Amino acid sequence: MTKRVVTLAHYYTQPEVQQMADKVGDSLELSLYAQEAEADIIVFAGVRFMAETAKILNPKARVILPDADSTCSLVTQTDVTQLAKWRNSYPDHVHVSYINSSAEHKALSDWIVTSRNVDDVIAELYSQGKKVIFSPDRNMGAYLNFQYGYDMPLWSAVCEVHDKFNETALNEAIGAVDAAHLIAHPESPLPVLQRAEYVGSTSGMLNWVKGYQGETKDVIFVATEDGILYNMRMARPDLDLRQAPIYAGCQCNSCPYMKLNNVEAVKRAQDGIGLEIDYLTTEQMAAARVPIERMLAFSQ
Ligand code: 13P
Ligand code: SF4
């Protein structure tokens with residue numbers, strides 16, 4: 001019998017890879033799609049924590065990551081033994097973790113959030129009088145503390161891609177054009193986020209661009225990985241969309257892990273060859289599923 005293969009791709013993958021996918025989206029959309037997918041094989045053209053999340057949500061499917069080296073700096077910068085000690089030092093706090101985390105990390109969390117629902121989940125917890133600690137993204141946590149006046153203790157890892165966006169280079173680029181707008185992903189450094197008129201997930205930024213009604217001659221700087229510029233330009237070819245600079249004159253910020261998903265690797269994965277997510281134990285998956293499902297129920 002023919003195998004049902006479902007291919008998912010994140011916005012940061014190359015256009016040719018996105019064109020091979022049944023669904024392209026942000027982390028939340030891809031998790032929801034993976035959960036519902038009726039598939040024998042799910043090919044996840046993204047990074048490893050995303051493929052692990054898909055496996056946790058749809059354990060019957062074989063989940064294949066096209067390239068075993070597609071990791072994420074938020075995962076590699078977090079030592080889970082140290083994280084457990086940190087978590088235990090706040091016994092009366094709720095531990096909210098960004099989805100960019102390993103399955104072991106998720107199992108140490110009360111809630112998982114994505115960049116799309118993090119504001120709402122934490123607002124809900126504070127409205128219930130809860131105390132919150134946030135991991136692993138220090139930039140995202142600093143932004144939430146600044147924006148809403150929270151005092152969450154933060155774990156200290158960063159996205160090595162977004163952390164490069166530079167305020168000085170940005171000011172220079174904005175100063176060199178007549179009129180500019182800035183939208184940004186919350187993994188960016190706080191001074192960049194403080195300048196942005198919109199901060200949100202990859203899908204959130206894409207929707208902002210789709211709905212843009214300002215002057216088409218204005219320059220729109222986008223502080224996120226360059227892959228999504230493809231989707232934005234397809235949606236609004238009339239706009240002057242530019243990636244925010246990481247140093248003067250450079251619009252050149254890519255995620256090396258997302259870009260490992262090339263056409264050949266994805267084709268091989270569709271034939272079942274790649275890193276199969278078959279190493280998580282039933283107990284690990286069950287423990288990680290609890291905070292993920294809490295988030296999905298909240299977001300639906
Ligand atoms: P989104 O959930 O906004 O797609 O972000 C995923 C990611 O890895 C950003 O670097
Ligand atoms: Fe991780 Fe950053 Fe790459 Fe997203 S862009 S997968 S957060 S390293």
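Residues numbered from 1 in each chain as written. Chains lettered and ligands numbered in written order. Predicted model: local features only at pLDDT ≥ 70, side-chain atom pairs only at ≥ 80, totals over all residues.

Looking now at the nonpolar core. Of all hydrophobic cores here, the largest spans 89 residues; its most connected members are Leu8, Ile42, Phe44, Val113, Val222 and Ala223. A total of six residues in this core trace back to one element, the largest contributor, which is helix H3 (residues 48-57). Among the domains, domain 1 (5-73 + 258-278) and domain 2 (162-243) are the pair contributing at least three residues each to this core. If we skip the residues at most four places from it in the chain, Phe44 touches Leu8, Met50, Ala51, Ala54, Val63 and Leu65. (Core = buried A, V, L, I, M, F, W, Y, C linked by C-beta atoms within 7 Å. Buried ≥ 20, exposed ≤ 12 C-beta atoms within 10 Å, placed from the backbone. Helix = DSSP H or I, 4+ residues; strand = E, 2+ residues; numbered from the N terminus. Domains from an automatic or database assignment. Contact = placed C-beta atoms within 7 Å.)

With that out of the way, let us pick up the packing of helix H11 (residues 202-210) against helix H12 (residues 227-235). In contact at an axis separation of 9 Å, H11 and H12 are set at 25 degrees when each is read in the N-to-C sense. Judged by the inter-axis angle, H11 sits roughly parallel to H12. As H11 packs across H12, the resulting crossing turns out to be right-handed. Of the residues in H12, those touching H11 at Thr202, Met205, Leu206, Val209 and Lys210 are Ile228, Asn231, Met232 and Ala235. Of the residues assigned to the contact of H11 with H12, the class counts are six nonpolar, two polar and one charged. (Axes fitted to C-alpha atoms, helices over the stretch in contact; angles between N-to-C directions. Parallel < 35°, antiparallel > 145°, perpendicular 65-115°, else oblique. Left-handed = near helix turned anticlockwise from the far one by under 90°. Nonpolar A, V, L, I, M, F, W, Y, C, P; charged D, E, K, R; others polar.)

Here we come to the environment of Val17. Relative to the elements of secondary structure, Val17 occurs in helix H1 (residues 15-18). With 24 C-beta atoms counted inside 10 Å, the residue Val17 sits in the buried group. A C-alpha to C-alpha distance of 7.6 Å links Val17 and Ala45, two positions 28 residues apart in sequence. If we skip the residues at most four places from it in the chain, Val17 touches Ala9, Ala45, Asn261, Asn262, Val263 and Val266.

Moving on to the domain arrangement of the protein chain. Under the domain assignment, the protein chain is made up of domain 1 (5-73 + 258-278) and domain 2 (162-243). Relative placement of domain 1 and domain 2: their C-alpha centres are 26 Å apart. The interface of domain 1 with domain 2 comprises nine residues on the first partner and eight residues on the second. Residues belonging to the side of domain 1 that touches domain 2 are distributed by class as follows: four nonpolar, three polar and two charged.

Looking now at the packing of H3 against helix H14 (residues 282-299). At a minimum axis distance of 9 Å, the contact between H3 and H14 shows a crossing angle of 95 degrees. In terms of orientation, H3 lies roughly perpendicular with respect to H14. Across from Thr53, Ile56 and Leu57 in H3, the residues of H14 making contact are Met285, Ala288, Arg289 and Ile292. For the contact of H3 with H14, the class distribution of residues is five nonpolar, one polar and one charged.

Contacts to ligand 2 come from 14 residues, most closely from Val47, Cys72, Cys159, Val161 and Cys255. Its residues placed into classes, the shell around ligand 2 shows eight nonpolar, three polar and three charged. For the shell around ligand 2, the domains that each give at least three residues are domain 1 (5-73 + 258-278) and domain 2 (162-243). (Near = placed C-beta within 6 Å.)

All right, on to the pairing of strand E1 (residues 5-10) then. The element E1 is largely enclosed, with a buried count of five among its six residues. Relative to strand E2 (residues 23-25), E1 is paired through three bridges, and the arrangement is parallel. Residue pairing for E2: Leu8 is matched across the bridge by Lys23. (Pairing = 2+ DSSP bridges.)

Taken together, the three strands give an open sheet; going across it, the order is E6-E5-E7, and neighbouring strands pair in parallel fashion. Either end of the sheet is taken by a strand with one partner, and the two such strands are strand E6 (111-113) and strand E7 (132-135). In this sheet, neighbouring strand axes are inclined to one another by 25 degrees on average, regardless of whether the strands run parallel or antiparallel. Here strand E5 (residues 94-98) pairs with E7 via four bridges, running parallel. The residue of E7 that forms the bridge with Val96 is Phe134.

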